[in-house]
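Analysis of the macromolecular model
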Amino acid sequence: MKSILKNIAFKGAVYYEKNGQIKHYYDGYQELEKKHNINQNTQFNLASLSKMFTAVMTFQLIEKGRLQLEDKISNWFYAPYFTEVTVAQLLTHTSGIPEYIAEDTTISVETFIEVGLPQFAPKEYWSYSNTNYVLLAKIIEKVSNLSYETYLRQYIAEPLNLTYTTTQPAKQWEAHGQTYDYEEQRYRNVSDDPYFHEIEKYNDAYGDGGIYGTVAEVAKFLKAFLQGQFISKEHVQLMLTPTELADNYGYGFIVQDGWVGHTGGWLGCSAQAFINISTSELIVLATNEEVFPQYEQEIMNYLMGIQSSVEAPKHIDILSLSKNDDITGRYELGDELGTRFTIIKERQFMISFEHQLPVPLYKIDESYYWIRNTMSYVNIENQLFIDEV
């Protein structure tokens with residue numbers, strides 16, 4: 001494991017457990033200035049891995065009789081267009097509540113659902129939305145009378161002695177995210193990124209993300225969850241049961257090919273954590289460098305035994321734009337939601353989906369454009385939108 005990760009220049013941490021044997025990998029630095037080496041105590045931004053924690057905390061309150069899956073969110077929020085949305089629909093991304101990380105707004109999530117309009121009626125479709133889990137965190141606080149951090153520490157971290165699992169990372173252990181400048185081919189601090197620095201204003205939200213931890217402690221959390229240490233095994237089974245609207249997502253967990261866990265990504269960082277239900281094989285990966293998502297996925301596939309090597313580059317090569325390149329306009333996908341997006345031209349092409357922030361759209365050959373930090377591509381000439389996730 002170590003030799004291949006070194007050869008492909010992976011910087012970050014990996015926890016790998018199989019047949020009772022545990023392997024660790026640590027390489028790189030906690031910050032761009034290269035002052036502190038990544039080590040076993042390094043606290044990575046877990047991004048959407050936090051959703052697993054939020055979901056477990058929600059089910060703990062359900063088992064205590066403080067909450068029910070069918071409770072409507074109108075019990076806690078004024079949400080005139082979402083009066084029928086339930087806790088279960090928040091957990092399973094079937095609420096129809098749109099993404100709060102949108103456009104230039106920085107209003108509170110409570111205000112957002114007062115004025116926001118549904119993407120669709122509850123339980124009509126499945127659509128991943130971070131807003132669902134920010135609302136769940138608020139519900140946890142209202143029902144428990146504890147802050148999200150206090151509840152996390154008291155009912156998740158402390159019972160397992162997870163010293164480094166928190167929304168308040170220690171200065172000496174925090175891994176600071178580094179975004180990659182594809183034009184200058186070098187890493188930058190997030191605050192210096194010409195495209196993504198605006199998204200920093202969403203860093204204060206939690207529930208959908210916001211938890212920091214070490215790879216070993218995430219592994220410990222996953223094992224404890226599957227063993228029924230946090231909630232009953234009946235509820236564990238329910239959480240790992242995909243809904244009728246999504247084949248590979250249950251209640252806060254991705255469920256795919258015998259593996260359960262979650263992926264996560266934020267500015268200059270990403271993480272994945274999966275445990276195999278049958279074999280208990282366990283993999284947790286975290287990095288504080290922005291990398292090509294296919295590169296990271298191939299590392300996971302290699303560790304899972306799905307492929308024998310990692311072929312994808314750490315960063316994809318982009319082409320310079322010419323004066324003749326013009327793909328600007330408004331487009332609509334032929335999916336069931338009629339998803340719309342707009343492409344504008346600045347230094348690079350920028351793509352923005354309805355109610356979402358714009359993202360660079362890089363030219364990678366004469367026909368294809370890559371949406372930064374995704375595994376999605378646009379071929380305007382042939383009217384194709386390709387999503388490889």
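The structure this text deals with has already been given above.
This paragraph deals with the sheet that holds strand S2 (residues 21-27). Note on sheets: strands pair through backbone hydrogen bonds, and any given pair is parallel or antiparallel. On the basis of which strands lie adjacent, the open sheet formed by 6 strands has the order S2-S1-S10-S9-S8-S7 and antiparallel pairing. Two strands in the sheet have a free side with no partner beyond their single neighbour: S2 and strand S7 (254-256). Put simply, the sheet's adjacent strands are angled 15° from each other on average, direction ignored. As paired strands, S7 and strand S8 (residues 259-266) are joined by 3 bridges and run antiparallel to one another. Counterpart to Gln256 in the pairing with S8 is Trp259.

Taken as a whole, this structure holds 23 aromatic pairs when the rule is applied. Aromatic pair Trp126 and Tyr128: ring centres 6.3 Å apart, planes at 50°, arrangement tilted. Judged by its relative accessible area of 27%, Trp126 is partly exposed. Of the residues examined, Tyr128 reaches a relative accessible area of 31% and is grouped as partly exposed. Between Phe349 and Tyr369, the aromatic rings sit 5.7 Å apart at their centres with planes inclined by 80°, giving edge-to-face as the arrangement. Of this pair, Phe349 sits in strand S13 (residues 349-353) while Tyr369 is found in strand S15 (residues 369-371), placing the two residues 20 residues apart along the sequence. On the basis of relative accessibility, which here comes to 0%, the residue Phe349 falls in the buried class. Site record: aromatic cluster; members linked through ring pairs are Tyr180, Tyr182, Tyr187, Phe292, Tyr362 and Trp370.

This brings us to helix H7 (residues 215-226). For H7, with 12 residues, the first-to-last C-alpha span of 17 Å sits near the 16 Å given by 1.5 Å per residue. For H7, a buried count of 9 out of 12 residues is recorded, marking the element as mostly surrounded by other parts of the structure. Within the span of H7, buried status applies to Val215, Glu217, Val218, Ala219, Phe221, Leu222, Ala224, Phe225 and Leu226. One or two positions beyond H7, positive phi appears at Gly228, with a value near 80°.

All right, on to unusual backbone geometry then. With a phi close to 60°, Asn145 is a non-glycine residue in the positive phi region. Checked against the element boundaries, Asn145 lands in the loop between helix H5 (130-144) and helix H6 (148-157). Phi angles above zero are rare outside glycine, and Ser280 is one such case at about 65°. Its location among the elements puts Ser280 in the loop between strand S9 (269-276) and strand S10 (282-287).

Helix-helix packing is characterised by the crossing angle of the two axes and by the distance between the axes. Between helix H2 (residues 50-63) and H6, whose axes approach to 11 Å, the crossing angle comes to 75°. Between H2 and H6, the angle falls in the class roughly perpendicular. Contact residues: Ser50, Phe53, Thr54, Val56, Met57, Gln60 and Leu61 in H2; Tyr148, Tyr151, Leu152, Tyr155 and Ile156 in H6. Looking at the contact of H2 with H6 residue by residue, the classes come out as 9 nonpolar, 3 polar and no charged.

Turning our attention to the pattern of salt bridges. For the coordinates displayed, the defined rule picks out 14 salt bridges. Here Glu84 and Lys72 are joined by a salt bridge, their closest N and O atoms 3.8 Å apart. One end of the pair, Glu84, is in the loop between H2 and helix H3 (87-91); the other, Lys72, is in the loop between H2 and H3, and 12 residues separate them in sequence. Its relative accessible area of 49% is what places Glu84 among the partly exposed residues. Each of Asp181, Glu184, Arg186 and Arg188 takes part in one network of salt bridges that share partners.

Once that is clear, we can look at the pairing of strand S5 (residues 186-189). Strand direction decides the pairing type here: strand S4 (residues 178-181) and S5, joined by 4 bridges, are antiparallel. Across the sheet, the residue bridging to Tyr180 is Tyr187, located in S5. Connecting S4 to the antiparallel partner S5 that follows it, the hairpin turn spans 4 residues, and Gln185 within it adopts a positive phi of roughly 55°.

Among the 11 residues of helix H9 (residues 293-303), 8 are classified as buried, and the element is accordingly described as predominantly covered. If you check which residues of H9 are buried, you get Pro293, Tyr295, Glu296, Glu298, Ile299, Met300, Asn301 and Leu303. Residue Gly305 follows H9 closely and has a positive phi angle near 85°.

The next thing to look at is the environment of Ala157. Of note, Ala157 is situated in helix H6. When the C-alpha atoms of Ala157 and Gly252 are compared, they prove to be 18 Å apart, with 95 residues separating the residues in sequence. If sequence neighbours within four positions are ignored, Ala157 has contacts with Leu152, Leu162 and Thr165.

Rules used in this analysis
- Residues numbered from 1 in each chain as written.
- Predicted model: local features only at pLDDT ≥ 70, side-chain atom pairs only at ≥ 80, totals over all residues.
- Heavy atoms only, no water.
- Pairing = 2+ DSSP bridges.
- Helix = DSSP H or I, 4+ residues; strand = E, 2+ residues; numbered from the N terminus.
- Axes fitted to C-alpha atoms, helices over the stretch in contact; angles between N-to-C directions.
- Phe/Tyr/Trp six-rings, centres within 6.5 Å; stacked < 30°, edge-to-face > 60°.
- Buried < 20%, exposed > 50% of the residue type's maximum accessible area, 1.4 Å probe, protein only.
- Expected span 1.5 Å × (residues − 1).
- Parallel < 35°, antiparallel > 145°, perpendicular 65-115°, else oblique.
- Contact = heavy atoms within 4.5 Å.
- Nonpolar A, V, L, I, M, F, W, Y, C, P; charged D, E, K, R; others polar.
- Salt bridge = Lys/Arg side-chain N within 4 Å of Asp/Glu carboxyl O.

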